[in-house]
Amino acid sequence: MSTATSPELRPLYKDAHLLVLDKPPGLLVHPSGLDAHETDTLLARAQAQFGGWLTPAHRLDKGTSGVLLLARNAATASQLGAWFRDGEVRKGYLGLVRGWPAGKQGRIDHPLARDPELPSQGQPQLEAQTDWRCLRRFEWPVATHPQFPSTRAALLALEPLQGRRHQIRRHCKHIAHPLIGDATHGKGPLNRALAAYLGCSRLWLHAQWLELPDGQHFEAAPGPEWAAL
């Protein structure tokens with residue numbers, strides 16, 4: 001798809017140093033080795049729409065929507081990079097998971113290997129915690145297993161205390177409540193059945209808010225598909 005005909009991105013905030021965008025689901029942030037053929041990226045659209053020097057300060061997975069920061073100069077990129085590296089940036093997500101986690105809230109405390117694309121064995125295990133809170137529970141008339149005539153799901157507020165790659169997705173899998181629509185960590189038949197039932201095929205993960213250590217706070221409202229749950 002040519003960036004000339006791509007839908008415009010929605011800015012949440014912009015000044016001379018920072019551009020904050022509401023990333024659509026299904027859009028790469030920047031070119032990737034896994035999608036080397038893809039030329040339509042958020043970075044390409046942002047450069048076409050806003051112009052000037054831009055670089056992402058962090059990443060969101062292709063399927064994830066929500067708050068994304070881009071630096072508009074090298075000094076801002078350096079400062080943001082240091083804040084993200086040192087764990088000083090707070091981030092809150094919405095996630096729709098399979099099943100009903102026990103209790104109303106909790107913390108997933110499970111170390112993660114640095115590179116999820118490689119076998120974990122032999123890699124250093126990095127500290128990783130994710131706080132979660134159950135916002136709503138669902139039970140839908142969707143059968144994907146002979147023993148169960150319905151499917152349970154839960155809407156969670158999630159806050160990763162670090163920024164390990166795919167941290168939320170890997171942590172949700174670890175507690176046996178994978179994100180709906182997660183092709184890597186979830187179940188294909190369930191994902192396809194719920195996509196048909198909900199009328200939406202996506203990774204159900206949304207970066208809802210982000211707070212910098214200088215007090216700046218940015219929010220992106222979830223899309224209409226979330227309101228339809």
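The structure we're discussing is the one just above.
What you see is a predicted model; the values in this text were computed from it and never measured.

Trainee: Can you lay out the overall build of the chain for me, pointing to particular residues and giving the numbers?
Mentor: Summing up its helical and strand segments, the chain has five helices and twelve strands in all. For the chain, the C-alpha radius of gyration of 18 Å lies close to 17 Å, the compact-globule estimate for 229 residues. When the backbone C-alpha atoms are referred to their principal axes, the chain occupies close to 55 × 40 × 35 Å. Classification of the 229 residues of the chain by burial places 46% in the buried group. Within the chain, counting contacts between residues at least 6 apart in sequence, those at least 24 apart form 65% of the total. Accessible surface, the chain: about 11800 Å² in total, of which carbon and sulfur atoms supply 51%. The centroid of the 26 positive side-chain charges in the chain is displaced by 6 Å from the centroid of its 21 negative side-chain charges.

Trainee: Provide a residue-level description of the side chain of Asp182, including the pertinent values.
Mentor: Structurally, Asp182 is set in the loop between helix 3 (167-174) and helix 4 (188-198). With relative accessibility at 1%, the residue Asp182 sits in the buried group. At 3.1 Å, the side chain of Asp182 forms a polar contact with the backbone nitrogen of His185. Excluding anything up to four places from it in sequence, Asp182 contacts Arg169, Asn191 and Leu203.

Trainee: Provide a residue-level description of the packing of aromatic side chains, including the pertinent values.
Mentor: Here the structure, examined in full by the defined rule, presents four aromatic pairs. With a centroid separation of 5.0 Å and an interplanar angle of 25°, the aromatic rings of Phe138 and Trp140 are classed as stacked. Neither residue differs from the other here; Phe138 and Trp140 are each classed as buried. One aromatic cluster is present, formed by Phe138, Trp140 and Tyr197 through successive ring pairs. Over the aromatic face of Trp100 sits the side chain of Arg152, whose NZ or CZ is 3.8 Å from the ring centroid.

Trainee: If you had to explain the pairing of strand 1 (residues 10-14) to someone new, which residues and values would you point to?
Mentor: Judged from the four bridges that link them, strand 1 and strand 2 (residues 18-23) form a sheet pairing that is antiparallel. Each residue of the ladder has a partner; that of Arg10, found in strand 2, is Asp22. The hairpin formed by strand 1 and strand 2 contains three residues between the paired strands.

Trainee: Can you tell me about the state of the cysteines, naming the residues and giving the values?
Mentor: Here the structure, examined in full by the defined rule, presents zero disulfides. Just so you know, Cys134 is unpaired, no disulfide at all, and the nearest cysteine sulfur is the one on Cys172, 12 Å from it. Assessed through its relative accessible area of 1%, Cys172 is described here as buried.

Trainee: Could you give me a rundown of the pattern of salt bridges, with the residues and numbers involved?
Mentor: Using the criterion set out here, one finds ten salt bridges in the structure. Of the charged contacts in the structure, one is a salt bridge between Glu159 and Arg90, with a shortest N-O distance of 2.9 Å. A residue pair is termed long-range when its members are at least 10 positions apart, and Glu159 in strand 10 (residues 151-160) and Arg90 in strand 5 (residues 90-98) qualify at 69 residues. According to the relative accessible area criterion, Glu159 is buried, its value standing at 18%. Residues Arg107 and Asp131 are paired through a salt bridge, measuring 2.6 Å at the closest nitrogen-oxygen approach. In this pair, Arg107 sits in strand 6 (residues 105-109) while Asp131 sits in strand 9 (residues 129-140), placing the two residues 24 residues apart along the sequence.

Trainee: Just give me the short version of the environment of Ala193, but keep the residues and values in it.
Mentor: Summarising the element assignment, Ala193 is placed in helix 4. It is 40 Å that separates the C-alpha atoms of Ala193 and Asp86, two residues lying 107 residues apart in sequence. Once you skip the residues sitting within four places of it in the chain, Ala193 turns out to touch Val142 and Thr144.

Trainee: Residues and numbers for helix 3, please.
Mentor: Here helix 3 lies mainly inside the structure; six of its eight residues are buried. Residues of helix 3 that are buried sit in contact with strand 5, strand 6, strand 7 (112-113), strand 9, strand 10 and strand 11 (205-211). Just downstream of helix 3, Ala176 is the residue with a positive phi angle, here 65°.

Trainee: Can you tell me about the environment of Thr41, naming the residues and giving the values?
Mentor: The topology assignment puts Thr41 in the loop between strand 2 and helix 1 (42-50). Along the chain, Thr41 and Pro141 lie 100 residues apart, while their C-alpha atoms are 37 Å from each other. The residues contacting Thr41, other than those within four sequence positions of it, are Leu27, Leu28, Val29, His30 and Pro31.

How each quantity is defined
- Going along each chain's sequence as written, the residues are numbered from 1 onward.
- For this predicted model, a pLDDT threshold of at least 70 governs which residues receive local features, and a threshold of 80 or more governs which side-chain atom pairs are given and counted, while totals over whole chains, interfaces and linings are taken from all residues.
- By convention in this description, side-chain values take in all heavy atoms of the structure and omit both hydrogens and water.
- Put simply, DSSP marks the helices as runs of H or I at least four residues long and the strands as runs of E at least two long, and each gets a number from the N terminus on.
- Here the radius of gyration uses the C-alpha set of atoms, whereas the globule reference equals 2.2 Å times the residue count to the power 0.38.
- The cut-offs for exposure are 20% and 50% of the maximum accessible area for each residue type, with area from a 1.4 Å probe on protein chains only; residues under the lower value are buried, those over the upper are exposed, and the others partly exposed.
- In this description, contact between two residues means that some pair of their heavy atoms is separated by no more than 4.5 Å.
- In this description, accessible areas are obtained by the Shrake-Rupley approach with a 1.4 Å probe, and a residue is regarded as covered only by the protein chains that are shown.
- Residues scored as positive are Lys and Arg, those scored as negative are Asp and Glu, and His as well as the terminal groups of each chain are ignored.
- Throughout, a charge is located at the NZ atom of Lys, the CZ atom of Arg, the CG atom of Asp or the CD atom of Glu.
- Any pair of nitrogen or oxygen atoms within 3.5 Å is treated as a polar contact; in protein, a donor-acceptor pairing is required on top of that, and neighbouring residues in sequence qualify only through side-chain atoms on both sides.
- Pairing of aromatic side chains requires ring centres within 6.5 Å, counting the rings of Phe and Tyr and the six-membered ring of Trp. Pairs whose planes differ by under 30 degrees are stacked, by over 60 edge-to-face, and all others tilted.
- For a lysine, the NZ atom is tested; for an arginine, the CZ atom; a charge sits over a ring if that atom is within 6 Å of the ring centre and within 35 degrees of the ring normal.
- Between any two strands, at least two bridges found by DSSP are needed for them to pair.
- We call a pair of cysteine sulfur atoms a disulfide whenever their separation is within 2.5 Å.
- The term salt bridge refers to a side-chain nitrogen of Lys or Arg lying within 4 Å of a carboxyl oxygen of Asp or Glu.

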